[in-house]
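A closer look at the structure
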Amino acid sequence: MNHWSTHQLTEFFAAVGSSQDERSATTVAMERASEVLEAEVGAVLRGGRVEVAWGMPGDDLDAALAAAAGATIDVAGLDELHVATARFGAQNRGDLLVARAGEPLSPEERQLLQAMAQTLGLALENITLLSAERRQREEREREAAERLALLESLREARHDSLTGLPTRVLFLEKLEEKVRLGTPTSVLFIDLDRFKAVNDSLGHRAGDELLAAVADRIRHCLRPGDVGARLGGDEFAVLLDDTTTDEAVPVARRLIDAVRRPFPIFGRDVFIGASVGVATHSDTTPADPGDLLGNADVAMYKAKKESPGKVVVFAPQMHAEALTRLTLTSDLQRALEQGEFHLQYQPLVRLGDGATAGVEALVRWHRPGGRNMAPADFVPMAEENGLILDIGRWVLRTAGAQLARWRATMPGLHLNVNVAGRQLTDPSLAGDVRRMLADFHLPPTALTLELTESVLMSDPAAAIARLTDLKAIGVGLAVDDFGTGYSSLSYLQRLPVDELKIDQAFIAHASPTVEDLAVLRAMIDLSRALRLRTVIEGIETEAQLVALRRLGCDLGQGFHLGRPADPEKLLTPVAA
Amino acid sequence: MNPQVGGVAADARAMTRWFGAGHSTLSDPAAAGAAAARAAFEGREPVLALVFCSVGYHVPAMLDEVRSRVGPSTVIAGCTTSGQITTGEATGEGVAVVALGGDGFSVRTRISRDVTPRLRAAGTEIAACLAEIDRPHRALLMICDGLTGNQHELVRGAFSVVGAAAPLVGGCAGDDLTFVRTYQFHGGRDGVEIMTDAGLGLALGSDAPLGVGIAHGWRKQGAAMVVTSSRDGRVFELDGEPALDVLLRRLGLDESILVDDEETFRERVFLHPLGLSRRSGEDIRVIHGADPADRSLLCLADVPQGALAWLMESDPDALIDGARESAAQALDGLGGRPAVGLLAFDCAGRRTVLGDDGIQQEIGVIGKALGGVPYGGFYTNGEIARLRGALGMHHFTLVTLALA
């Protein structure tokens, strides 16, 4: 049987070899070597200095070793200790030391110590290698994780997280593929109507739900080769594979129909619509996918402007119109600063006695070069870009100042001012009105604000709230262009308005027909039933005036009664 | 006294050093505590009172009686056991009080709680009290929970602080070999804390020498085996073969014994611990069970993978010789000075192997070696002793500390 000492080596190897780091390997080696060799002191030295020791403090051992003459050291409280060391390591050199009282190490024990030291050296090298490998592995894992994160973020950039549809980036890539193949490809640019109202009234979470539901409906309208995408906000696009313009338009209509069906959002039905522009790639049109999408966008804009819920196919001249719009926007921005707006006033005449009860202020834009523009030509644009708020405020104050001047001689004169939809949602409107009245010392009853029927009915609940605020000031409120929109009679009853202005479309004939009169009578009766004042717009003939007076309409307005005019020109007839 | 670390200092007043041991097997805890303390103290005020008792007692009632008989600076420490030893007596059930006092003894203590997950650190903590002893002869007594897993780590932690300049002596608390829970005691006249999963360091200083004895009395049986697979105290393979298969074959036992007669199996393997090859003999590892599911053997302390091991055997005579040897070594360590007493930490496995008659013989030889000097201690779940070398954990061994 072997000497006892060799039995220990495998144990030692197992203990030191399982150490995870240098420090624990050296400590375990020191402990096990001294336990095995029954030595009172164990240590590992690096560079001739004690790195770790037990059995006695490391500093004391350093001092004892320095003072030692031979192979023994003297330590207080212990017998003379016989020291034995064995070298380990090639690059990471050191010494494994034991010091034992009693007998010095036998040759077999010295051999065992040497074997243990070499084992420690191997273990340390292994740990160095392994930790280098571990570092490398960690580095590789980190790189892999980064690559994965990058891929993920790219995927996210190419897919909309809310709807799961491709984004503009991916849509354009797909479009480019199709365009390159040369097959006819149609692009639909879809913009939702009234989405903003849903977002504003029901909240962003409802808005998000709605967008996701819209995306689902769009998906259902598509064939496998088609691609739907969300471009951002409430804008979507669809690529119709191998589809001509003529084939694309019915698809666009089906999409609009699909979006028009009610969406159940948070327990209530939400109604929206969509306007679609169509552009088709063929051999004769530009092959740039961005241009194609831009063309569909321009067509959509036209659809929206003409009448929401429409499909418009792109035509080249639309670019010119778009350019005009752009110019108009920048010109409008300058117009206020340059004082290019002015007001004209049109009389409101009491049909009973022909007296002028009030005037309606109408804004005019004198463009440089002498061209005049009617509100219909620039107000929609001003609504779109928000300038209407500044213009509206200017109109209110300018008309208020004029009214104050007139009332000095005509104390009973009233003023009607138009309020655009965008203004109605402006929280500062009521404050502006109040301030104007105070600044010009006008009683609130002298002012009537006119709101179109379509503005009031697009979100009746919100309108009622806003109108109630205005009503609290004491001003009058009028429903303008009544009969052209689709008023809900129940809402009409609940709106806190004082006046209905019947649209001139109802007196289109110079001499009203029996049918005209029947409709007008019904409207005037309705107005009376709701205890509202009735105004008829667009009286252009004496016959119309006589007919309306007979029907009992309260006030009239029109060329026959007085054209819109500059205030100084209006002064005389009004004064008369 | 250092209140920050909960240490208790005790210096006896002008009196010669004395050592006393008393025991009681009364079932009433208060009566047993009172009787054992009275016999150990004999009206003297101890510096240190060690209390060892079996697990059945209502310990607080028993300790109250011990407390009522000590001085204001007496240290009380102890633990539950697998049997008690006092002069001329060795019992399973009962209480033993072992006390020392008089001029020239000092005791300082440290406790470490919740030691199981941090045995090494706990060992360094409890060893710190030794630095507070300023007497020519010092030793660190250690009493710790015997069910913490690898108690050797706690002993290594203590050695890393104490170093080779002072011996380590002590034992691990027991619970009558049921291996469920052991308790440790520490305190003084005003109260004694009863803990589990704790380690106690008792730094003992004396003006006279202290002697340590370590011996067992086992011998190798048959050919050596290599531990080819193990983890901590669980041996999976010996010589590449499932360890349980090797054991059954070596002992000539049939597999069925594991199911039919586990008691006999445990008794047989108890008499055949594993011996690990060491410079000055064999390090003993008690096998206390087997796991038929993975064919492994369960030992009370770690059996390192790669170790060379023998099945050990013994007989009462050899074990009793071991006791004689241990006591003789301890007395030798006194440098010719007469002993006033001897502390014994005897393996509970030895008690099982020897049986009641053997135990009486064992304490007989110890008593004979001491020649009328009192002695006391307990049957342990692992013995702690380091005098030479760096190894401090032992099994199936009798550790003794003689005090001059």
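See the structure shown above.
These notes cover the structure that comes with them.

1. As for a positive patch on the surface
A grouping of A:Arg134, A:Arg135, A:Arg137 and A:Arg140 is seen on the molecular surface, where their side chains present a positively charged patch. Mapped onto the fold, A:Arg135 is located in helix 4 (residues 107-158).

2. What about the state of the cysteines?
One pass over the full model with this rule turns up 0 disulfides over all chains. The thiol of B:Cys172 is unpaired, and the distance to the nearest cysteine sulfur, on B:Cys144, comes to 3.7 Å.

3. Describing the sheet that holds strand 3 (residues 48-53) of chain B
Residues and elements named next belong to chain B. Strand order in the open sheet made by the 6 strands is 2-7-3-4-11-12, with mixed pairing throughout. Single-partner strands in this sheet number two, and they are strand 2 (18-24) and strand 12 (191-195). Averaged over neighbouring strand pairs, the angle between their axes works out to 15° when direction is ignored. Where strand 2 lies against strand 7 (residues 95-101), 7 bridges are found, and the strand directions are antiparallel. Bridged to Phe 19 within strand 7 is Leu 100. Sheet strands touched by helix 1 (residues 29-41): strand 2, strand 3 and strand 7. Its angle to strand 2, the strand with the most contacts, is close to 155°. Relative to strand 12, helix 2 (residues 59-67) is tilted by about 145°, and along the sheet it contacts strand 3, strand 4 (75-80), strand 7, strand 11 (184-188) and strand 12.

4. Overview of the interface of chain A and chain B
Taken together, the 27 residues of chain A in the interface contact 25 residues of chain B. Between chain A and chain B the total buried area reaches about 2,100 Å² when both faces are included, carbon and sulfur atoms providing 49% of it. Of all residues in chain A, A:Glu11, A:Glu35 and A:Glu38 give up the largest surface area on contact with chain B, accounting jointly for 29% of the area buried on that side. For the interface between chain A and chain B, the tally reads 4 salt bridges. No other element matches helix 1 (residues 4-17) of chain A, which puts 6 residues into the side of chain A that touches chain B. When grouped by side-chain class, the residues that make up the side of chain A that touches chain B number 10 nonpolar, 7 polar and 10 charged.

5. Thoughts on helix 4 (residues 151-162) of chain B
Residues and elements named next belong to chain B. Across its 12 residues, helix 4 extends 17 Å between first and last C-alpha, which sits within 8% of the 16 Å expected from 1.5 Å per residue. For helix 4, a buried count of 9 out of 12 residues is recorded, marking the element as mostly surrounded by other parts of the structure. Within the span of helix 4, buried status applies to Gln 151, His 152, Leu 154, Val 155, Arg 156, Gly 157, Ala 158, Phe 159 and Val 162. Count one or two residues on from helix 4 and you reach Gly 163, which has phi positive near 75°.

6. Remarks on the pairing of strand 4 of chain B
All names here are of chain B. The element strand 4 is extensively covered by neighbouring structure, given that 6 of its 6 residues are classed as buried. Relative to strand 4, strand 3 runs parallel, the two sharing 6 bridges. Each bridged residue has a counterpart across the sheet, and for Leu 50 the counterpart in strand 4 is Ala 77. Handedness of the β-α-β unit built from strand 3, helix 2 and strand 4 comes out right-handed. Inspection of the sheet shows strand 4 paired to strand 11 by 4 bridges, in the antiparallel sense. Bridged to Ile 76 within strand 11 is Gly 187.

7. Describing the pattern of salt bridges
Close approach of charged atoms allows side chains with opposite charge to pair. The full count for this structure, using the stated rule, is 55 salt bridges over all chains. Across the pair A:Arg367 and A:Asp331 runs a salt bridge whose closest N-O atoms are separated by 2.2 Å. Of the two residues, A:Arg367 sits in the loop between strand 14 (356-366) and strand 15 (372-373) while A:Asp331 sits in helix 10 (residues 318-338), which places them 36 residues apart along the sequence. Each of the salt bridges in this network shares a partner with another, and the network as a whole consists of A:Glu31, A:Glu35, B:Arg120, B:Glu153 and B:Arg156.

8. A closer look at the packing of aromatic side chains
Taken as a whole, this structure holds 10 aromatic pairs over all chains when the rule is applied. An angle of 40° between the planes, with centres 5.6 Å apart, marks the rings of A:Phe341 and A:Phe378 as tilted. Taken together, the positions of A:Phe341 in strand 13 (residues 341-350) and A:Phe378 in helix 11 (residues 375-385) put the pair 37 residues apart, joining distant regions of the chain. Each member of the pair, A:Phe341 together with A:Phe378, is buried. Through pairs of rings, three or more aromatic residues link up here, namely A:Phe341, A:Trp365, A:Phe378 and A:Trp394. For A:Arg217, the ring lying beneath its charged end belongs to A:Phe263, and the centroid distance is 3.7 Å. The ring of B:Trp310 has B:Lys220 lying over it, and the distance from NZ or CZ to the ring centre is 4.1 Å.

Rules of the game
- Residues numbered from 1 in each chain as written.
- Chains lettered and ligands numbered in written order.
- Predicted model: local features only at pLDDT ≥ 70, side-chain atom pairs only at ≥ 80, totals over all residues.
- Heavy atoms only, no water.
- Patch = residues over 30% accessible without salt bridge, like charges linked within 9 Å, V, L, I, M, F, W, Y side chains within 5 Å.
- Areas by Shrake-Rupley, 256 points an atom, 1.4 Å probe, with all protein chains shown as cover.
- Salt bridge = Lys/Arg side-chain N within 4 Å of Asp/Glu carboxyl O.
- Lys, Arg positive; Asp, Glu negative; His and termini not counted.
- Charge placed at Lys NZ, Arg CZ, Asp CG, Glu CD.
- Helix = DSSP H or I, 4+ residues; strand = E, 2+ residues; numbered from the N terminus.
- Disulfide = S-S within 2.5 Å.
- Pairing = 2+ DSSP bridges.
- Axes fitted to C-alpha atoms, helices over the stretch in contact; angles between N-to-C directions.
- Contact = heavy atoms within 4.5 Å.
- Buried area = accessible area lost by both parts, 1.4 Å probe.
- Nonpolar A, V, L, I, M, F, W, Y, C, P; charged D, E, K, R; others polar.
- Expected span 1.5 Å × (residues − 1).
- Buried < 20%, exposed > 50% of the residue type's maximum accessible area, 1.4 Å probe, protein only.
- Right-handed = clockwise from strand over helix to strand, strands pointing away.
- Phe/Tyr/Trp six-rings, centres within 6.5 Å; stacked < 30°, edge-to-face > 60°.
- Lys NZ or Arg CZ within 6 Å of the ring centre and 35° of its normal.

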